Structure formats: C-alpha cells, structure tokens
Amino acid sequence: MEKALERFYSVFAEWGVPSIVPQLIVMLVVVSVVILFISVSVMFMIWWERKISAHIQVRYGPMRVGGWHGWAQSIADGIKLLLKEDIIPAGADKLVFALAPMVVFAAALAAYVIIPFGPNLIVRDLNIGVLFYISISSLTVVGIIMAGWSSNNKYSVLGALRSAAQAVSYEVPLVVSVLGVIMTVGSLSMIQIVEAQKRIWFVIPQFFGFLIYLTAAIAECNRLPFDIPEAESELVAGFHVEYSGMRFAIFFLAEYANMFTVSAIATALFLGGWHGPLLPPWLWFLIKTYCIIFVMMWLRWTLARLRVDQLMNLGWKVLLPLAFLNMGITGLILVIHG
Amino acid sequence: MIPPETEIIERTQETMEEMYVNMGPQHPSTHGVLRLMLRLDGEVVTEVTTYIGYLHRCHEKIGENRTYIQIIPYTDRLDYLASMYNNFGYVLAVERLMGLQVPERAEYMRVILAELQRIASHLIWMGTFGLDLGNFTIFMYCFREREKILDLFESVSGQRLNYAFYRIGGMPMDLPQTFLTDCKAFLEWFKPRLPEYDAVMTDNVIFQKRVQGLGKLDQKIAIDYAISGPMLRGSGMKWDLRRNDPYSIYDRFEFDIPVGTAGDVWDRYMVRRLEMAESVKIVEQALRDLPPGEIMGKVPKKLKPPVGDIYSRVESPRGELGFYIVSDGSEKPYRYKVRSPAFVNLSVLPEIGPGHLIADMVAILGSIDIVLGEVDR
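The structure presented is a predicted model; accordingly, all values stated were derived computationally and were not measured.

Draft legend 1. Main features of the overall build of chain B. The helix and strand tally for chain B stands at 17 helices and six strands. In terms of overall dimensions, chain B is globule-like: its C-alpha atoms have a radius of gyration of 21 Å, near the 21 Å expected for 377 residues. With the C-alpha coordinates of chain B rotated into their principal frame, the extents come out at 70 × 50 × 35 Å. Among the 377 residues that make up chain B, the fraction classed as buried is 49%. Looking at chain B alone, contacts between residues at least 24 apart form 69% of all its contacts between residues at least 6 apart.

Next up, the structure:
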C-alpha cells in the first residue's frame with residue numbers, strides 16, 4: 001500500500017508536476033470511497049432498521065420496491081428526497097440554514113478517517129486517533145444548534161438546546177469510559193488499540209467501560225431512549241422541523257453515519273476490531289459493528305423515551321461516577337500489575 | 001374565546017425569559033385538532049390554555065332537524081373510537097323517554113358489543129399513549145388486537161368504524177352464526193396478550209419513571225370539575241355508572257372496578273389497563289348467558305316520544321356520556337344535548353398541566369384520553 005503510493009507520487013515527480021496534485025488526487029479518491037461507503041452502508045442501515053422495527057412490531061416493513069423484501073426502498077427514498085423542492089422558510093437565516101446540514105455531515109464524515117476496518121484499511125492511523133474522534137464528534141452539536149437557531153422556529157430552538165445539553169452531558173462519561181482502554185494500551189492510535197486485543201477483547205476486562213460507552217454513544221446519536229432532541233411527540237421533529245428534501249436527507253445521512261461511527265469505535269475499542277478466525281479482517285469488523293448497530297436498533301424499538309431531567313440525572317449522577325470508578329479501578333490494577 | 005394575538009405578543013414581551021409556544025392544531029400528540037397555548041419558562045410549562053372548536057360541526061343543532069332514528073348515525077361521529085357506545089347511550093335515552101322495552105337477547109348483544117368496543121377504545125388509547133412516550137412498538141401490538149375486534153364488528157354490522165348498529169327498541173340484525181365462536185376465540189387469544197403489554201409497557205422501568213407522580217389530579221378537584229370515567233377512578237373514586245347507576249343489564253354481571261390511589265398518570269394508565277381485563281370478564285359472562293329470542297321490541301312505526309325531557313347517561317370508555325333530549329311530541333327532538341366526557345375531562349388540563357415539562361405535558365394530555373370528535377361536537 002505504502003509502496004504503491006510512493007510509486008504513484010514518484011511518477012508525478014518525474015513528470016515535473018508539483019506534489020500537491022497527486023496528493024489531491026489521492027485525497028479525492030479516498031474521500032469518494034468513504035462517501036460511497038457511507039451512502040451504501042447508511043442506505044442498508046435504514047432498510048435494515050425498517051425491517052427490524054417491522055419484525056419487532058409484527059409487520060413486514062417494505063416489501064415491494066426492488067423485489068426481494070423491498071431491498072431498494074432506501075434507494076427509492078433517497079432519489080425521492082433528491083428530487084424534492086428545496087424549501088427555505090421565509091423567516092430563516094438563509095446562510096446558516098444552508099450551512100447547518102453540511103457542518104453536521106462534515107463532522108460525521110471526518111470521523112471515518114480513524115475507523116480501522118482492517119490492519120491496512122484505515123484512512124490515516126493518527127497517533128491521537130481516539131481523541132480525534134471525540135473532538136470531531138463534538139462538532140455535530142454546532143451544526144445542530146445552527147440548524148435549530150436558523151430555522152426561526154420555537155420547536156427547533158428547543159430541540160437544538162436540548163441537543164446541546166445532551167451532547168455536553170454525555171460526552172464526558174463517553175470520554176472517561178474510553179480512558180480505561182487507553183490506559184491499558186498506553187496509546188491513542190486505533191491500530192495499536194486493536195492490535196493490543198489480539199489475545200483478549202477489552203470487553204471482558206473493561207465490561208463496565210463498554211456498557212457506559214454504549215449508553216453514552218446511543219445518547220450521542222440522539223436515538224431512543226435518548227432521542228429527546230427530536231422527540232416527535234413533544235417537539236414534532238426537534239432541530240430539523242423546517243428541513244425538507246435534500247437538506248433533510250443530509251441530516252438523516254449524518255445521523256446514520258454517526259451511528260455507524262460510534263458502533264465502529266466500540267468495535268475497535270472493546271470488541272477486538274478486525275480480530276477473528278477464518279473470515280477476512282474487514283468482514284469481521286463489519287460483522288461486529290453491525291451487531292452493535294442491531295442492539296441499538298433493538299433498544300430503540302422496545303424502550304420508551306426518557307424525560308429531559310431524567311436524562312441529565314442519568315448522565316451526571318450515574319454514568320459519570322461509574323465511568324470514573326471504572327477508570328480508577330483500571331488504574332489501580334495497572335499499578336499493582338505494573 | 002381566542003385572545004387577540006396582539007395581547008399574547010405584549011404579554012411575551014413583558015418577561016423575556018418566558019416564551020409562548022403554540023402546540024397544535026397540527027401536532028403529533030394533540031390527538032387530533034386540539035390547540036394548546038403553552039407558556040414556557042425554559043422547558044417548564046407555566047400556563048396551559050386550551051382552544052377547541054376546530055372540529056365543531058353543529059352536532060346538536062343538526063340533531064334538532066333530524067328524526068329520532070336519523071340521529072343514530074350522527075352519534076357515531078361523536079367519539080369515533082367508541083361508536084357502539086354512542087349508539088348505546090343515545091338509543092337508551094330515547095327508549096327511556098318513550099318507555100320502550102328491549103328484548104333480552106338485544107340487551108345481551110348490546111352489552112357484548114359495547115364491552116368489546118371498550119376494549120378496542122382502551123387499546124387505541126394505550127397504543128397512542130405509548131407513542132406519546134416514545135414507545136412505538138406497543139402501538140402496533142394494540143392495533144393488531146383492535147383489528148380483530150373490528151373484524152368482529154364488521155361481521156356483525158358490516159362496518160368497521162361507524163356502525164350505526166343500535167336501534168331504538170332493539171337491534172337491527174341478529175348476530176351472525178359464526179360470531180359466538182369467533183368472539184370466544186378472540187377472547188382466548190386476547191387474554192394472554194395483556195401480560196405481553198405489561199412486558200412492553202407496564203413493567204418497563206423507564207415507562208414507570210416517566211409517568212409515576214405525574215399530573216396529579218386530586219379527588220376533590222376531579223369532582224369539582226365533574227371529571228368522570230377512568231380519570232375519576234384513577235383519582236381513587238370508585239364511580240362507575242355500570243355499577244352506580246346501572247343501565248341495560250349491567251347489574252347482572254360480576255366485574256371489578258379498578259381504582260387508583262394517587263390520581264397520577266400512572267394510576268389512570270393502570271385503571272384502563274385493568275379495565276380491559278374486566279371487560280373481557282363481562283363479555284365472557286354475556287356470551288355464556290346469551291338467550292335466544294327476539295331482537296327487536298315493539299316500536300311504533302312513527303317515533304313520537306311524549307312531551308317531556310330525559311337525561312340518560314352511560315359509562316363510555318371515556319366517562320359519563322350523557323344525552324339530554326327534550327321532546328315536544330313531534331318526530332324531531334326539540335332540544336338535543338350531548339354531555340361528552342372528553343370535553344369535560346379536558347377542562348381540567350389547565351389545572352393539572354402547569355409545573356410540568358413539555359414532555360410531561362404530552363403524557364398528561366395523553367392520559368386524559370380525548371377524542372376531538374367528542375370534544376367539539
């Protein structure tokens with residue numbers, strides 16, 4: 001991989017083209033691949049969620065489009081959203097309104113940089129991988145607040161404020177829950193963290209860390225039972241009330257892309273990443289990730305929604321102390337074992 | 001009366017921390033076209049004002065221009081989730097006014113259908129209440145069972161929602177031959193479903209934490225506001241017209257009246273949840289005792305009730321459904337008034353709503369169980 005890249009660069013160097021050109025080409029290819037992957041996987045996840053929810057609710061879900069179990073439903077929906085009229089409310093702040101979905105999607109996209117699909121299948125193995133993910137995922141809130149504020153709608157503002165409060169409260173336990181793993185490995189690099197799980201997955205020594213991470217991650221994705229930013233029975237749709245057509249589709253895409261990201265990070269940090277017998281590494285990684293996604297969907301369709309204050313209490317009074325406890329115990333054990 | 005918009009704007013400007021939010025008439029959890037004006041301090045509701053009338057269709061005035069029989073289909077549209085019960089209440093009022101006797105078999109049929117309707121209505125309530133709280137799955141479960149009840153009703157009356165099936169003096173058609181077996185099969189199938197709902201809703205800790213202690217309705221306030229039905233029983237008052245003012249043949253059946261203690265949303269939920277099981281009991285007893293015989297009593301060709309008035313009430317799934325009819329001896333009522341439980345129950349919302357978060361507001365509104373067709377007649 002590395003060598004091929006060097007060859008590619010050297011060819012351009014021989015022709016006397018400035019080195020920025022091949023670098024841009026490589027970047028463009030990588031970004032296209034990532035976006036393609038996101039689109040396909042999100043479309044699959046939407047279809048999958050509709051199927052799962054349908055079967056939980058004694059229904060079939062989409063059955064018509066595309067023939068077999070309505071597999072093309074998401075594609076049809078995507079095309080429909082693309083073709084819709086682009087509506088900007090009269091009272092909206094047009095620039096911010098247009099920017100908001102892009103900010104949200106950019107944050108979701110950037111997080112894919114550090115997802116290790118396989119030993120060599122990673123966009124860039126940053127030495128601050130986990131930190132990068134955490135900081136990038138916080139950017140989503142900025143987009144959501146922009147969307148809520150610029151829509152000029154009271155429901156959107158309420159949704160955006162709730163979202164900000166929720167993201168801030170749950171990022172703290174999320175970070176602390178991950179610390180246990182980082183302390184054990186002694187590195188923030190995703191590749192090294194996965195390599196360290198060759199013998200034993202961190203879900204066993206870091207079980208509580210895993211649970212806390214999963215809870216906080218679901219809250220990060222604004223999914224039930226933590227979906228109060230867009231609680232449809234209260235706020236109609238929360239921050240994206242006024243969005244429709246393509247802009248709404250981008251929000252939707254980002255939401256599911258985020259879901260994939262948090263699950264992929266959970267896989268890398270706790271479930272041994274690509275490690276597994278027989279099957280190729282990337283397949284193992286995807287299987288584990290989709291298992292976590294399945295759990296998230298399962299929870300969504302069986303639980304009720306928490307209230308705002310209950311959500312805050314859970315975040316600050318339960319998850320955070322537990323996460324600190326987990327971190328402390330991990331540290332103690334590390335010190336004792338040297 | 002809707003206050004002028006300018007007044008609202010002025011009041012908003014006085015305190016910058018407070019915000020007015022218009023909830024409805026198009027809102028997913030106002031259960032139709034109810035409009036709520038919420039004054040919010042942050043997320044806490046400090047004042048609730050209800051605006052109704054979006055579904056007003058002059059029901060009572062139309063009634064004055066129709067003959068007594070022609071009114072029956074109109075009553076279907078009152079509480080469209082419990083049409084059988086509206087028919088029941090109306091024909092009962094006219095029968096009492098005229099002093100008509102209803103054959104035994106017709107009485108049993110009425111009770112069977114009415115109690116099935118109560119189950120169906122409570123099922124819808126439970127499902128939509130789940131939606132209000134973000135629990136989507138219970139909705140589908142409840143609708144699955146309701147669908148079976150509607151199938152039964154369809155086999156009986158040919159209709160699935162607005163039956164217009166009760167007649168003054170009896171019933172228009174006998175039960176179809178398959179009804180007894182179908183209904184028994186349904187009850188056998190339905191009984192194990194109730195624990196299923198418990199697994200999804202009642203026993204769910206998140207759900208319990210959400211609704212317990214919410215929207216407390218004091219018994220005294222409930223009586224002052226003339227609240228009836230599951231809401232009143234949730235506040236600890238054992239008041240059920242089937243028992244306290246028996247009509248039809250309800251005095252022949254054994255059933256319990258579930259009551260709550262605290263009067264919160266949880267109690268109202270539990271009252272309705274337990275009432276479904278009680279209704280199953282009543283239907284079973286009625287099916288067991290169903291006598292053969294006539295289904296239509298002796299009714300004059302032209303219905304001309306004697307001069308006078310009558311107030312007749314039944315316990316609909318939502319509470320005391322009353323019909324007040326004044327007759328001037330002609331074919332049409334001189335005055336026709338409906339006392340709808342949902343309208344009266346809704347009136348207590350400004351009393352119990354304030355002080356809660358928006359999310360709780362939705363749950364409280366859901367626990368009142370309104371049907372807008374009945375609130376605006």
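Let's pick the thread back up.
Draft legend 2. Quick peek at the overall build of chain A. Looking only at helices and strands, chain A features twelve helices and zero strands. Secondary structure of chain A in N-to-C order comes out as α-α-α-α-α-α-α-α-α-α-α-α. Expected size for 338 residues packed as a compact globule is a radius of gyration near 20 Å; at 21 Å, chain A falls within 12% of this value. Principal-axis analysis of the C-alpha atoms places the extent of chain A at approximately 60 × 55 × 40 Å. With 338 residues in all, chain A has 43% of them scored as buried. Taking contacts inside chain A between residues at least 6 apart in sequence as the whole, the part at least 24 apart equals 77%.

Draft legend 3. Main features of helix H5 (residues 129-150) of chain A. With 22 residues, H5(A) should cover 32 Å at 1.5 Å per step; its first-to-last C-alpha distance of 33 Å lies within 8% of that length. Downstream of H5(A) by a residue or two, A:Asn152 has a phi angle that is positive, lying close to 60°.

Draft legend 4. Focus on the interface of chain A and chain B. Taken together, the 24 residues of chain A in the interface contact 26 residues of chain B. Those elements giving two or more residues to the side of chain A that touches chain B turn out to be helix H6 (154-185), helix H9 (232-235) and helix H12 (308-337) of chain A. Tallied by class, residues from the side of chain A that touches chain B come to twelve nonpolar, four polar and eight charged.

Draft legend 5. Structural view of the environment of B:Thr50. All names here are of chain B. By the element assignment, Thr50 lies in strand S3 (residues 44-51). For the pair Thr50 and Pro103, spaced 53 residues apart in sequence, the C-alpha to C-alpha distance is 44 Å. Those residues in contact with Thr50, other than ones at most four positions away along the chain, are Leu34, Leu36, Leu346, Leu349 and Pro350.

Draft legend 6. Looking closely at helix H6 (residues 137-157) of chain B. Between its first and last C-alpha atoms H6(B) spans 30 Å; for 21 residues at 1.5 Å apiece the expected length is 30 Å, and the two agree. What H6(B) keeps buried is the set B:Thr137, B:Ile138, B:Tyr141, B:Cys142, B:Glu145, B:Ile149, B:Leu152, B:Phe153, B:Val156 and B:Ser157. Check the buried side of H6(B) and you find it contacts helix H2 (20-56) of chain A together with helix H5 (104-132), helix H7 (179-190) and helix H8 (193-202) of chain B. B:Gly158 occupies a position one or two residues after H6(B) and carries a positive phi of about 85°.

Draft legend 7. Quick peek at the packing of helix H4 (residues 83-98) of chain B against H5(B). Residues and elements named next belong to chain B. Two elements in contact, H4 and H5, have axes separated by 8 Å at closest approach and are oriented at 140°. As summarised for this structure, H4 and H5 are arranged oblique, according to the angle between their axes. In this structure, the crossing between H4 and H5 has a hand that is left-handed. Across the interface between the two elements, Met84, Tyr85 and Phe88 of H4 pack against Arg110, Leu113, Ala114 and Gln117 of H5. The class makeup of the residues in the contact of H4 with H5 is five nonpolar, one polar and one charged.

Draft legend 8. Looking closely at the confidence of the model for chain A. When pLDDT is averaged across chain A, the result is 83; 96% of the residues are at 70 or more. Across chain A, the secondary-structure element scoring lowest on mean pLDDT is H9(A), at 62, and the one scoring highest is helix H11 (residues 281-300) of chain A, at 88.

Draft legend 9. Quick look at the nonpolar core. Core analysis: the largest hydrophobic core is formed by 190 residues, its most contacted members being A:Val104, A:Tyr213, A:Ala217, A:Ala266 and A:Leu269. Non-local contacts of A:Leu269, meaning those with residues more than four positions away in its chain, are made with A:Val178, A:Val181, A:Ile193 and A:Phe202.

Draft legend 10. Here's a closer look at the sheet that holds strand S1 (residues 18-23) of chain B. Residues and elements named next belong to chain B. Read from one edge of the open sheet, three strands run S1-S2-S3, paired in antiparallel fashion. The open sheet has two edge strands with one neighbour each: S1 and S3. The sheet shows a mean angle of 20° between the axes of neighbouring strands, taken without regard to direction.

Draft legend 11. Spotlight on the sheet that holds strand S6 (residues 333-339) of chain B. All names here are of chain B. Taken in spatial order, the three strands of this open sheet run S4-S5-S6, and their pairing is antiparallel. Each edge of the open sheet is held by one strand with a lone partner, namely strand S4 (308-316) and S6. Adjacent strand axes in the sheet meet at a mean angle of 15° when their direction is disregarded. Helix-sheet contacts for H4 involve S4 and strand S5 (319-327), and the interaxial angle to S4 is about 150°.

Draft legend 12. How the structure looks around the packing of helix H8 (residues 207-220) of chain A against H12(A). Residue and element names in this part refer to chain A. Here H8 crosses H12 at 150°, and the two axes come no closer than 9 Å. Considering their axes alone, H8 and H12 lie roughly antiparallel with respect to each other. Of the two elements, H8 crosses H12, and the hand of that crossing is left-handed. Note on element contacts: H12 touches H8 through Leu319, Leu322, Ala323 and Asn326, opposite Phe208, Gly209, Ile212, Thr215 and Ala216. Considered class by class, the residues forming the contact of H8 with H12 number six nonpolar, three polar and no charged.

Draft legend 13. Spotlight on unusual backbone geometry. Within the chain, A:His69 stands out as a residue other than glycine whose phi angle is a positive 45°. Mapping A:His69 onto the fold places it in the loop between H2 and helix H3 (73-83). Phi is positive for B:Asp369, which is not a glycine, with a value near 60°. Along the chain, B:Asp369 turns up in the loop between helix H16 (358-368) and helix H17 (372-375). Look at B:Asp369 and you get buried, because 27 C-beta atoms sit within 10 Å.

Draft legend 14. Broad picture of the confidence of the model for chain B. Here chain B averages 85 in pLDDT, and 95% of its residues register 70 or above. Under the prediction, the complex receives an ipTM of 0.74, its pTM being 0.82.

Draft legend 15. Broad picture of the pairing of S6(B). All names here are of chain B. Looking at chain direction, S5 and S6 are connected through six bridges and run antiparallel. The residue of S6 that forms the bridge with Phe323 is Val338. Hairpin remark: S5 followed by S6, antiparallel, with five residues in the connecting loop; positive phi at Gly329, about 90°.

Draft legend 16. How the structure looks around the environment of B:Glu145. All names here are of chain B. Examined against the element boundaries, Glu145 turns out to sit in helix H6. Residue classification places Glu145 among the buried positions, given that 22 C-beta atoms sit within 10 Å. Between the alpha carbons of Glu145 and Met84 there is a distance of 17 Å; along the sequence they are 61 residues apart.

Draft legend 17. The arrangement of the pairing of S3(B) in detail. Residues and elements named next belong to chain B. Bridge count between strand S2 (residues 35-41) and S3: seven bridges; the pairing is antiparallel. The residue bridging Leu40 from the neighbouring strand is Val45, located in S3. The antiparallel pairing of S2 with S3 creates a hairpin that spans two residues between the two strands, and Gly42 there sits at a positive phi of about 70°.

The rules behind each value
Residues numbered from 1 in each chain as written. Chains lettered and ligands numbered in written order. Predicted model: local features only at pLDDT ≥ 70, side-chain atom pairs only at ≥ 80, totals over all residues. Helix = DSSP H or I, 4+ residues; strand = E, 2+ residues; numbered from the N terminus. Rg over C-alpha atoms; globule rule 2.2 N^0.38 Å. Buried ≥ 20, exposed ≤ 12 C-beta atoms within 10 Å, placed from the backbone. Contact = placed C-beta atoms within 7 Å. Expected span 1.5 Å × (residues − 1). Nonpolar A, V, L, I, M, F, W, Y, C, P; charged D, E, K, R; others polar. Axes fitted to C-alpha atoms, helices over the stretch in contact; angles between N-to-C directions. Parallel < 35°, antiparallel > 145°, perpendicular 65-115°, else oblique. Left-handed = near helix turned anticlockwise from the far one by under 90°. pLDDT = per-residue confidence, 0-100. Core = buried A, V, L, I, M, F, W, Y, C linked by C-beta atoms within 7 Å. Pairing = 2+ DSSP bridges.

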